[in-house]
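# Descriptive structure summary
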Amino acid sequence: MDFDFSAEEEAFRAEVQEFLAENLPAPEARGPEFAAEWNQKLAEKRWIGFAWPREEGGGGAGLIEQFILKQEMAKVQAPPLGSDFMGLAWVGPALIRHGTDEQKQRFLPDLLESRTLWCTGYSEPDHGSDLASLKTRAVLEGDEYVVNGQKIWTTSAHFAKWIFMLVRTESESRYGGITCLLIPMDSPGIEVQPILSLVGQHSFNQVFFNDVRVPVGNRLGAEGEGWKVVMGALANERSGISEATDMERRLEDLKEVARGARKNGRPALEDSSVRRQIARFEAKISAMRLNGLRALTKQLQGNPPSTETSVNKLIRGQLEIPMHDLALGLQGSESQHANQWTEQSLTFHGTVIGGGTPNIQRNIISERILKLPKD
Amino acid sequence: MNFGFSEEQELQRAEVRKYLDEQCPMAVVRGISESVEGYSAEQWKQLGELGWLGLIVPEEYGGAGLGWIDLVAMLEETGRSLFPSPLISNTLAAAALIESGNAEQRRRWLPGLADGTCIGTLALVEGSDDPTVRGIGLRAEPDADGFVLSGEKRFVADAGSADLFIVAFRTGDAEEDCALAVVEADASGVSTNAVASIDETKRTGTLVLDGVQVERAAVLGEAGSGAATIERLVDLGAIAVSAEIVGAADGALELTVQYAKDRVQFGSPIGRYQGVKHPLAEAYVDIVSTKSLLYYAAWAVDKHPEQIASAAAQVKGFATDAFTQLGVTGIQLHGAVGYTQEYDIQLYLRRSKWARPMFGDEDFHFDRVATMGGI
């Protein structure tokens, strides 16, 4: 048991901190050119695709280096490593594991140099949490698949160039009948309709596929291997350290709100219940960070993290709700006004639900870890 | 960075587990808890021979010379078994001598605490509301040979079985004017009164001191400078109790999960229903998180003493919340049989009630977390 980092690892941390101090302008000083310049600098460092093998153009980084880079980036609220989140998190690693040489050459350089944008087509109107029941069909006709069906909650589909999606090529086998296709979003037969979030923001979409023809060369992995392609063990660091660091920062913001607030005519921080609520958040956030280190250790020992991510995801839900509740409570009538906290108190629901609702995480934990009978 | 136990540590834990499974199954626990002594002298002797009573005692004083990481792993297992014994008390008495005893005092008392021929415990406070130096009222009258102590110490764990007490007393008017001394049970003027405990696997009592002579050689450290040691002992006690909480909570969860798999209602094991499995998933998440906080705290004791106070406060607060909740969940998911003496789940509920105020309850520790967190 040792929570310290080696001298080499600490040196890398110092390098990251130095880079950020020199290259990352304050949020208000970031102009329209900023994103492109920033991505260029990150690409030169090979910090975009940091975990990918060097021969594929990545940084060849180990888990601890990834962990440190993410942690330092999160501390200063740096923008994400590369603007194509879905492409870098899902598409690249899947291509590296399952793609043909031709597919890799075609897609990986564009991903690393931020020249493309991917969306991912998993959820369907009737198959959200129960993803493996998806029904969008692809039928092989000659050397083309013909795709018909509908995807939903597709983030960025309205400006993505490509979609990385799961389709059903066979109906008998639940998991074995799923195939992964890479489809240009400008293909004839694709229609995108927006879904506005409860704050009126447009990031989600419904995507309709009507006789969309896809060359067989755009299939990733073999037919029926789609589930494996998506679920395959990613070499990505998955400790969730960015989330824990993010929560730490927001706890400091909450303390700041509490310092300025009054309750019943007295400073709010003289109220034990306020102090103890904040202290409970602090302990829980520590637990989240340490749970992440435990997941990291497991990964370092060669075991892909699995249910650990459900644990921290549930904790995040346990934190988001009462932290916003307290922040708004401390604001009193001010909480009727639109401000950073009131806005977040609406948008955090997206983070809590995305990737599986709290009840789904509870099912995963009780069925996979506690081995209780499936519901 | 390595958040895991070594192979030797896992082996040691497995040995403890095996011993307790063989020598102290729940029927034996119940038998011992009905005895006058509240522990088995035979088992205590065996633990001494196995080296487990002096796990953290340096080898030169007859101990195993291991760290708190090793200790908390053992205490998790004794907690899981609700092992009735003065193990925590004895370990903390040894910790007091290790923290602030001089070489002569260590030579005199540590070997007996390590081999089981002498049982030690702490006698710190008199009041029920404050586990800190503020809770110490016992006044010492200086005389030619040292001090004379007259008064009572309440809430003394294992008072009835102890041969040696580490007694805290006041040497002056300022809050921090405190000292610790070793008082042997057979000294003139020393007696104890047993008090019935909510959890008969854990004994408690009152230490009565009637003109007890304490020679200077029995005072740990400089008289009047004991406050820092007392604070440290409260932190160490909080960590040790949290370790037994983690194990006991794991034990209670295991019992309840098994019951949920076995009990059939409405044509299905009740563990299939989300109303049953979801609280169990929440309990699992709490236990995982408590373990993370616990191992970090134990590591702080071994490697980063400046972090002990904050880590101890976080883990004891969090563990107390979690175990209190699990005590309730465990009984309720058992239904009517949970309310019987026959089923073991009630023993864990009792343990949760015992553990809550030990070395500070959740309010005490979360208040500290708040203060240390800058609010």
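None of these values were measured; they are calculated from a predicted model.

## A look at the overall build of chain A
Per the secondary structure count, chain A includes 11 helices and 10 strands. Taking 375 residues into account, the globule formula puts the C-alpha radius of gyration at 21 Å, and chain A, at 22 Å, falls close to it. Principal axes of the C-alpha set define a box for chain A whose edges measure 75 × 50 × 45 Å. The buried share among the 375 residues of chain A stands at 50%. A separation of at least 24 residues holds for 69% of the contacts in chain A among residues at least 6 apart in sequence.

## What to know about the interface of chain A and chain B
Often the size quoted for an interface is simply the accessible area lost on bringing the parts together. The partner chain B presents 43 residues to the 45 residues of chain A that form the contact. Summing both partners gives a buried area of about 4300 Å² for chain A against chain B, and 61% of it is carried by carbon and sulfur. The three residues of chain A that bury the most area against chain B are M1, F3 and R294 of chain A, which together make up 18% of that side's buried surface. With a shortest N-O distance of 2.4 Å, R362 of chain A and E282 of chain B are connected by a salt bridge. Those elements that place two or more of their residues in the side of chain A that touches chain B are α7 (241-260), α8 (272-300), α9 (308-331) and α11 (358-369) of chain A. No other element matches α8 of chain A, which puts 17 residues into the side of chain A that touches chain B. For the side of chain A that touches chain B, the class distribution of residues is 21 nonpolar, 8 polar and 16 charged.

## Regarding the nonpolar core
Formed by 212 residues in total, the largest nonpolar core has its most connected members in F164 and L254 of chain A together with W68 of chain B. Here this core gets 19 residues from one element, more than from any other, and that element is helix α7 (residues 227-262) of chain B. Not counting residues up to four positions away in its chain, the partners in contact with L254 of chain A are I278, F281, M323, L326, A327, L330 and W341 of chain A. Membership of the second largest hydrophobic core comes to 18 residues, among which are L117, A138, Y145 and I183 of chain A.

## Thoughts on the domain arrangement of chain B
Residues and elements named next belong to chain B. We note that the domain assignment places domain 1 (7-117), domain 2 (121-224) and domain 3 (228-372) within chain B. Summarising the inter-unit geometry, the C-alpha centres of domain 1 and domain 3 are found 21 Å apart. If you look at the interface, domain 1 gives 20 residues, while domain 3 gives 32 residues. Contact with domain 3 buries area across many residues of domain 1, yet R30, W68 and L82 alone supply 28% of it, more than any other trio. Counting across the domain 1 and domain 3 interface gives 10 residue pairs in polar contact (both at pLDDT 80 or more). Secondary-structure elements contributing two or more residues to the side of domain 1 that touches domain 3 are α2 (26-33), α4 (68-80) and α5 (87-100). No other element matches α4, which puts 8 residues into the side of domain 1 that touches domain 3. Its residues assigned to classes, the side of domain 1 that touches domain 3 shows 11 nonpolar, 4 polar and 5 charged.

## Observations concerning the environment of Q361 of chain A
Residues and elements named next belong to chain A. Counting through the fold element by element, Q361 comes out in helix α11. Along the primary structure Q361 and T309 are separated by 52 residues, whereas in three dimensions their C-alpha atoms are 9.0 Å apart. In contact with Q361, other than residues within four places in its own chain, are S310, K313, L314, G355 and G356. Within polar-contact distance, the side chain of Q361 engages the backbone oxygen of G356 at 2.9 Å.

## Side note on helix α10 (residues 340-353) of chain A
Residue and element names in this part refer to chain A. Helix length check: α10, at 14 residues, gives a terminal C-alpha distance of 20 Å against a target of 20 Å (1.5 Å per residue), a fit within 8%. Of all the bends in α10, the greatest measures close to 35 degrees and is centred on L346. In this structure, the buried residues of α10 make contact with α7, α9 and α11. Within two residues after α10, G355 carries a phi angle of roughly 80 degrees, on the positive side.

## A closer look at the packing of aromatic side chains
Counting across every chain of the model gives 24 aromatic pairs over all chains. Their ring planes at 85 degrees and their centres at 6.2 Å tell us that F12 of chain A and W47 of chain A sit as a pair that is edge-to-face. Note that F12 of chain A is positioned in helix α1 (residues 7-23) and W47 of chain A in the loop between α2 (34-45) and α3 (63-75), a separation of 35 residues in sequence. Of the residues examined, W47 of chain A reaches a relative accessible area of 2% and is grouped as buried. Ring centres of Y39 of chain B and W44 of chain B lie 6.1 Å apart, and the angle between their planes is 80 degrees; this geometry places the pair in the edge-to-face category. We note that Y39 of chain B, like W44 of chain B, is buried. Clustering of aromatic rings is evident, with ring pairs tying together F3 of chain A together with F3, F5, Y295, Y296 and W299 of chain B. In this structure, R294 of chain A is placed above the aromatic ring of F3 of chain B, and the distance from its NZ or CZ to the ring centre is 5.4 Å. The lysine or arginine in question, R216 of chain B, covers the ring of F147 of chain B, its NZ or CZ lying 5.8 Å from the ring centre.

Analysis parameters
- Residues numbered from 1 in each chain as written.
- Chains lettered and ligands numbered in written order.
- Predicted model: local features only at pLDDT ≥ 70, side-chain atom pairs only at ≥ 80, totals over all residues.
- Heavy atoms only, no water.
- Helix = DSSP H or I, 4+ residues; strand = E, 2+ residues; numbered from the N terminus.
- Rg over C-alpha atoms; globule rule 2.2 N^0.38 Å.
- Buried < 20%, exposed > 50% of the residue type's maximum accessible area, 1.4 Å probe, protein only.
- Contact = heavy atoms within 4.5 Å.
- Buried area = accessible area lost by both parts, 1.4 Å probe.
- Salt bridge = Lys/Arg side-chain N within 4 Å of Asp/Glu carboxyl O.
- Nonpolar A, V, L, I, M, F, W, Y, C, P; charged D, E, K, R; others polar.
- Core = buried A, V, L, I, M, F, W, Y, C linked by side-chain atoms within 4.5 Å.
- Domains from an automatic or database assignment.
- Polar contact = N/O pair within 3.5 Å; in protein donor to acceptor, adjacent residues only side chain to side chain.
- Expected span 1.5 Å × (residues − 1).
- Bend = angle between axes of the 7 residues up to and from the residue.
- Phe/Tyr/Trp six-rings, centres within 6.5 Å; stacked < 30°, edge-to-face > 60°.
- Lys NZ or Arg CZ within 6 Å of the ring centre and 35° of its normal.

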